[in-house]
Every structure is written in C-alpha cells, then in structure tokens.
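# Fold and geometry: a report
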Amino acid sequence: MANVADNELNFLPYIYDIIKSIDRDSRDVNQKIIDFRNQLLKARECVEKMPGIQYSRQDQRKQIEILQKQLTQKTHLIQKYKSLQPFQEQVETPMHQ
Amino acid sequence: MASASTGSTKQRLLTLIEDVEIATRELFEIMSTPKGQQRPGAPEPTELIQLLVEKDKEIKECLQTASKQAEIQKTIDDLKHEVDKRDLDIKILQKNLKEAENVLSTAIFQAKQKLEAINKANEKRISSEELIKFAHRISASNAVEAPPTWQPGDPRRPYPTDYEMRGGWLAKMSDMPNNVPAVQSQGSYGEPMATNRNPGPAEISVPPTQSHLGSLTWQGHGDGQMSSMGSHLHGNQGSEFKGHKDVDEVEIMSSDSSSSSSSDE
C-alpha cells in the first residue's frame, strides 16, 4: 500500500513534463494537464483507502491503550470464572477417574 | 473515535494535494501567459516550483507517517479481533453458567421437596408390621381383587362394600352439610345388587324420592350382610354394628371404623 501511495502521490514528474511541454509550445499540453488532474483524483482516492490515517498517531496510541486494557480485563475475567472451584473440580474429576 | 480530528494524517495529505493542485494551476497559468500580459503581483515561476518541491517533501513525510500508522492500525485490528474473541468466550461462559444455574435450581427444588417428604415421613412413623397387617386386612376382604372362584351371588365382593364406603374419607366428606343428599344417594347406590338378591317389603312400599329412606332401605336388608362383612373385616366392630338400625348410629359406626383405620396409619 505504501509503494502504491508513493507512486500515486508523486506529482513532480508530471509537473516537470507539463512545464517542458509549455516551454516547447507543444500541442499535447492540454492532454497532459487533463492527465495530471486525473492523477490528482487518483491520489485523493488512494488517500481515502489508506488504513489508519483517519486518526492522528496520538489517537491511535490512545486506542491501543484502551484495547489492551480491555483485553487484559476480559482475559482476567475469563480466567477468574474458569478458576472457580466448581469448574476446577469438574476439570479434575475425569483425571482422577 | 476521532475520525474527523483536525490533526489526522488523511486530512493533512488531502490538504497537501489541494495545495499542489492550486500551485500547479497558478504555475501553468503564469508560464502559458506571455510576460507582458501577466497580472501585477503574480509570483515568480521559480517560487512556485520551490513551493511545489516543499509540498512534495511534506507529502513524502506524510506518507512515511501513514505507513507507520498503517502498521499501528494493524496492531489495533489484531487487538480488536482478540477483544472480540474474549467477548465471545465470555458470552459462551455466561450462557453455560445460566444453564448450570437452571439445572441447579431445579435440582435444589426437587431436593427440597424430597427433604420435606422425608421429614413428613419421619414425623409420622409407621411400623412395617402394622402396615403389613393392614394390607392383609384389605386383601382378606377381597376389596382389592376378586377371589379366583368368584361367582355372581358370592358375598366376597371385589369392590368396596357399603360398610367400607361409609367408613372411608368420601363418607366423611359427605357429612358436610352441602353434600348430605349425595351421601344418601350413595347409600342407595350400592344397593341394586342386594335388592335383586333380597328385596325387602319396606322398599316397595316407600317412594324412592324421599332421600332419608334410601338409608333406611340400606339398613333394612343390609343388616345381615353387613354383620357378616363386619365380622369378617373388623371382628368386634361388626358385632357392634348388628344391633344398630338408626342412620345416626351408622354414621357413628363409620366414624368408628375410620378412626380404627386412621389408627392404623
């Protein structure tokens, strides 16, 4: 995804090509400008699709903290219920038999 | 979360793309216009190119940040997946606990009922000998099962006799004021067979609509029969019964027999 984005958002070669065409008074300038606009549209679409960039890094860090906390709490909760005495006995009973 | 936060990388990238678009439009306009016709105050093309290079640099930096953010996002997605798995585990565990609770509550309810029954049985103890004696008495009267050699006319009847019916709980219940007519009709109910065998003169002369006579009829010809049954079933009580011909006394007898049976309990 990063490589694709690098290519899509690399505008300088297009601009350089258009400047050269203007200097030469070339006929295909208009076409090149249209292509450049299309490239800008593609770049915008590419940015829309990039994962995780809708958040700032600070927000992401906060999100990770919250999720890690949730995960720890839920894991503890499951362990707590699984280590309840009746369940332990039930697990141990078949082993004794 | 903060999807629309102003500091997001996405927003920065979109702004940079817009800046590039505006700068290039300006640049192409200036470059395509002859120098004499350019509007005053228009920026130099080199300045715009410099600006575009700076913007490109910023875009590259933003892309690097976006690449790192994509990795962080992957971690976030993994964490979310794990949290979802834990949620599912908790839900399954909760469901199992609920089922166990239902099973246990049913078991406790049944156990309580059994304990109550045990306590009740302990309170009213009865010896097995007495129970067997009573069973013998019941079976000796042929009230449970007809004897194998039973024929019509045989006094050993495979159903409760009137005397036994009057000694039971149904008769006791019928002593209540609301049920008096029902009892009396019950008294004459058991009669047809006896009537066929030995029709008494009192029966023919008395109209059947008079309810108290039903019991009189029973008294009239059931006397000998009952005495034989009574002696067979209850020994002394049967001989006692022989001498009484009143309805009231019959009721006393029935209470006697019930009291004897209740003493068996």
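Residues numbered from 1 in each chain as written. Chains lettered and ligands numbered in written order. Predicted model: local features only at pLDDT ≥ 70, side-chain atom pairs only at ≥ 80, totals over all residues. Heavy atoms only, no water.

So, on to the pattern of salt bridges. Overall, the coordinates contain 11 salt bridges over all chains when judged by the stated rule. The salt bridge involving B:Glu21 is made with A:Arg44; its shortest N-O contact spans 2.8 Å. Placement of B:Glu21 in helix α1 (residues 9-32) and of A:Arg44 in helix α3 (residues 29-49) is noted, with the two residues assigned to different chains. Residue classification places B:Glu21 among the buried residues on the basis of a relative accessible area of 18%. As a salt-bridge pair, B:Glu101 and B:Lys98 come within 3.6 Å of each other at their nearest N and O atoms. Linking B:Glu101 with B:Lys98, this pair stays in helix α2 (residues 45-123), spanning 3 residues, or about one helical turn. (Salt bridge = Lys/Arg side-chain N within 4 Å of Asp/Glu carboxyl O. Helix = DSSP H or I, 4+ residues; strand = E, 2+ residues; numbered from the N terminus. Buried < 20%, exposed > 50% of the residue type's maximum accessible area, 1.4 Å probe, protein only.)

What follows concerns helix α3 (residues 128-140) of chain B. For α3(B), built from 13 residues, the straight-helix expectation of 18 Å at 1.5 Å per residue is met to within 8% by its first-to-last C-alpha distance of 18 Å. Looking one or two places after α3(B), you find B:Asn142, whose phi comes out positive at around 60°. (Expected span 1.5 Å × (residues − 1).)

So, on to the nonpolar core. Generally speaking, nonpolar side chains in soluble globular proteins are found buried as a group. If you look at the biggest cluster of nonpolar residues, it comprises 31 residues, and the most contacted ones within it are A:Leu9, A:Phe11, A:Ile15, A:Phe36, B:Leu13, B:Phe28 and B:Ile59. Going through the elements one at a time, α2 (12-24) and α3 of chain A together with α1 and α2 of chain B are the ones with two or more residues in this core. Ranked by the residues each element gives to this core, the list is headed by α1(B), at 9 residues. Beyond its immediate stretch of four places on either side in the chain, A:Leu9 contacts A:Ala43, A:Val47, B:Leu13, B:Ile17, B:Asp56, B:Ile59 and B:Leu63. Residues A:Ile64, A:Leu67, B:Leu79 and B:Val83 belong to the second largest nonpolar core, which totals 6 residues. (Core = buried A, V, L, I, M, F, W, Y, C linked by side-chain atoms within 4.5 Å. Contact = heavy atoms within 4.5 Å.)

This part takes up a nonpolar patch on the surface. Residue and element names in this part refer to chain A. Among the surface-exposed residues, Leu77, Tyr81 and Leu84 lie close enough to one another that they form a single nonpolar patch of about 220 Å² accessible area. Topologically, Tyr81 is positioned in helix α4 (residues 57-82). Judged by its relative accessible area of 32%, Tyr81 is partly exposed. (Patch = residues over 30% accessible without salt bridge, like charges linked within 9 Å, V, L, I, M, F, W, Y side chains within 5 Å. Areas by Shrake-Rupley, 256 points an atom, 1.4 Å probe, with all protein chains shown as cover.)

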